[in-house]
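What follows is each chain in one-letter form.
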Amino acid sequence: MALDQVKTRKTLTAVEDHGGVSQKPTSILSESAGIDGSYWVLSTHSVTDPEIRKQFDHLAEVSIESNPFFKPAFLHAGIENLAQSKVEFLCLFDKSGNESKLKLFAPIEYCSLGIRKKTVLRIWSHEYAPLSTLLLDPVDPDETLRQLTNCLCDANDSVASALLFEHLPNNSRLARFLFLQPSLSQILIRYFLLSRAGINSPKSLSMSTQGLKGKRKQRLRRAEEGLKDLGKLSYQVATQVDTAEPLLNAHLKMEAEGWKGERGTAVIQKPETEQFFRQAVNGSIENGNCTVHSLLIDEKPVATMLMMEDKGAHYPWKIAFDEKYAPYSVGNLLLIRVNSWLDKQTQFEYLDSLADPLNHTANRFWPEKTEFHNMVIGLGKDATKTACQFAGEFRFRNRMKYRAKKILSKLTDS
C-alpha cells in the first residue's frame, strides 16, 4: 500500500495554521494548557502530511528514546508495504504564538478489537518491528510527558476508546513516567509482562563475550576447526549498501531454503514483504542504523545477521544460516564474532535481542533480561471501564498465545 494510497480519516476538528505550518489533523484527541500562554495538542495526522513528515524526520534524529523501527526509512517502508489497516501519526505538539513544535511521536493503527469491537489506537508494532517506544524530544522531556498525561486523562472517545501499547520496554522513559502517575492509575492497566534476552551494559557485554566455558566452548572450537578444513573462514561487517547487497541476497536465499521457507514465512515468498525488507534495510544502512554481519567460507556467506542500531542501543534483527552447515554451528560461531564486534563499539549502551522469551540461543548468548509490558489506556468518560474490559480480554488472549508457544517449543525440542 503506497503512501499516497493511505486513506485519511475525516477531519473532526480543524486548527489554524501556525507560521506556515500545515496543521491539518485527522482528529484531535485532547488539548492541555501549558505555561506562558502556550497549549498542547494531542492529535492524529495523515502519513502523507509533508510538514508532519518534516518535523518527524527531525525528531527521529534528536529523540532521547531509541527505536530504529520508528526511523523514517524503516517506518515508511513498513507503511507502504505491510500495513493491513489504516496507519496514521499520533503527535503531541507544543503550540505557542506562531510556533508549533512536535514533541512526541508514534505511528498508530486503527483497530477494531475486543468482544464489543470498539475502535482502539494501537501503537504500530508488528512482526518486523516488535518495539513501541515513542520518539521524545530532548528539551524538557518531563514536561512533555506531563502534558501527555494531561491529554490522556482529558481525551475524548469520539475517535477511539483506548490507546494500546505492545512491546513497551519497562526501562523506557515513557513507561517509567506513566506508571508513576496517580492520575492514570484508574485508566492505565498493564495486562501482560514478558522478558527478552539482552545485555544491559557494556560491562555485562564484556563478561558475556568471555563467558563461553566447558563443553560448549570445546564443541564450538571443534566446529570452527571443521569449518576451516572446508575453506578459508572469514567474518565481514557491511556498513554500505553496495557491499551489503550480496550479503542481503544470500541472507534471503538461506532463509527461503530453511525452515521458514518450508513454513511459507520466508521474506521472499511474499513480494510486498521482500519489497519492505529491501527498502527498510537499504534505507537503514544509508542512515547508519543497520549493519550486516556475515560468516563466510571461501567468500561464500554461510550465516548472516542484520543488526539494527540507534543511539547506542543494538537490536539483532534477523539471522539466517545455510542449513548444510548446521552441523558446524555456523549461527553460534557468527554470534560469537558479533558479540566481540559489539564489545569494541565505543557507543554501545545495551542490546535487546528482540527474541522470543523461549529462544534458547538468545538466552545463552545474551543472558540478561529486558522486561516489556503490554498496556492499555482507556479514553473518554468510560475510560476506567473500557480499560478494564480490554485488559481482561487481552490478558486472556496473550496467556493462551504464550502457553501455545511453550507447548510447541517443548514438542519441537523433543
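Look above for the structure.
Asker: Whenever I open this one, the overall build of the chain confuses me. Can you help?
Answerer: A count of helical and extended segments in the chain gives 12 helices and 14 strands. Compactness check: the chain gives a C-alpha radius of gyration of 23 Å against a globular reference of 22 Å for 414 residues, within 12% of the reference. In terms of its C-alpha atoms, the chain occupies a principal-axis envelope of roughly 70 × 45 × 40 Å. Split into buried and exposed, the 414 residues of the chain put 54% on the buried side. When the accessible surface of the chain is split by element, carbon and sulfur atoms take 50% of a total near 19,000 Å². Where the 53 positive side-chain charges of the chain centre and where its 49 negative ones centre are 9 Å apart.

Asker: Is there a simple way to think about the environment of Leu306 in this case?
Answerer: The topology assignment puts Leu306 in strand S11 (residues 300–310). Considering only alpha carbons, one finds Leu306 and Met400, 94 residues apart in sequence, at a separation of 31 Å. Beyond its immediate sequence surroundings of up to four residues, Leu306 is in contact with Leu248, His251, Phe277, Val281, Thr291, Val292, Tyr315, Pro316, Trp317 and Lys318.

Asker: Sorry if this is basic, but what is going on with a positive patch on the surface here?
Answerer: Taken together, the side chains of Lys217, Arg219, Arg221, Arg222 and Arg364 define a basic patch exposed on the protein surface. For the positive patch, the element with the most residues is helix H6 (residues 214–230), which contributes four residues.

Asker: Mind showing me how you'd approach helix H2 (residues 72–81) here?
Answerer: Because each turn of an α-helix spans 3.6 residues, side chains separated by three or four positions in sequence point in the same direction. Of all 10 residues that make up H2, eight are buried, and the element is covered over most of its length. Among the residues making up H2, those that are buried are Pro72, Phe74, Leu75, His76, Ala77, Gly78, Ile79 and Asn81. Of the surrounding elements, those touching the buried residues of H2 are helix H1 (50–62), strand S3 (87–96), strand S4 (99–113), helix H9 (271–286), S11 and strand S12 (313–321).

Asker: How should the nonpolar core be read in this particular structure?
Answerer: Side chains that are nonpolar tend, in soluble globular proteins, to be buried together. Phe105, Ile123, Phe165 and Ile377 are the most contacted members of the largest nonpolar core, which totals 51 residues. In contact with Phe165, not counting residues within four places along its chain, are Ile123, Ser132, Leu134, Leu174, Tyr191, His373, Asn374, Met375 and Ile377. If you look at the next biggest cluster of nonpolar residues, it comprises 42 residues, including Ala77, Leu82, Phe276 and Phe394.

Basis of the calculations
Residues numbered from 1 in each chain as written. Predicted model: local features only at pLDDT ≥ 70, side-chain atom pairs only at ≥ 80, totals over all residues. Heavy atoms only, no water. Helix = DSSP H or I, 4+ residues; strand = E, 2+ residues; numbered from the N terminus. Rg over C-alpha atoms; globule rule 2.2 N^0.38 Å. Buried < 20%, exposed > 50% of the residue type's maximum accessible area, 1.4 Å probe, protein only. Areas by Shrake-Rupley, 256 points an atom, 1.4 Å probe, with all protein chains shown as cover. Lys, Arg positive; Asp, Glu negative; His and termini not counted. Charge placed at Lys NZ, Arg CZ, Asp CG, Glu CD. Contact = heavy atoms within 4.5 Å. Patch = residues over 30% accessible without salt bridge, like charges linked within 9 Å, V, L, I, M, F, W, Y side chains within 5 Å. Salt bridge = Lys/Arg side-chain N within 4 Å of Asp/Glu carboxyl O. Core = buried A, V, L, I, M, F, W, Y, C linked by side-chain atoms within 4.5 Å.

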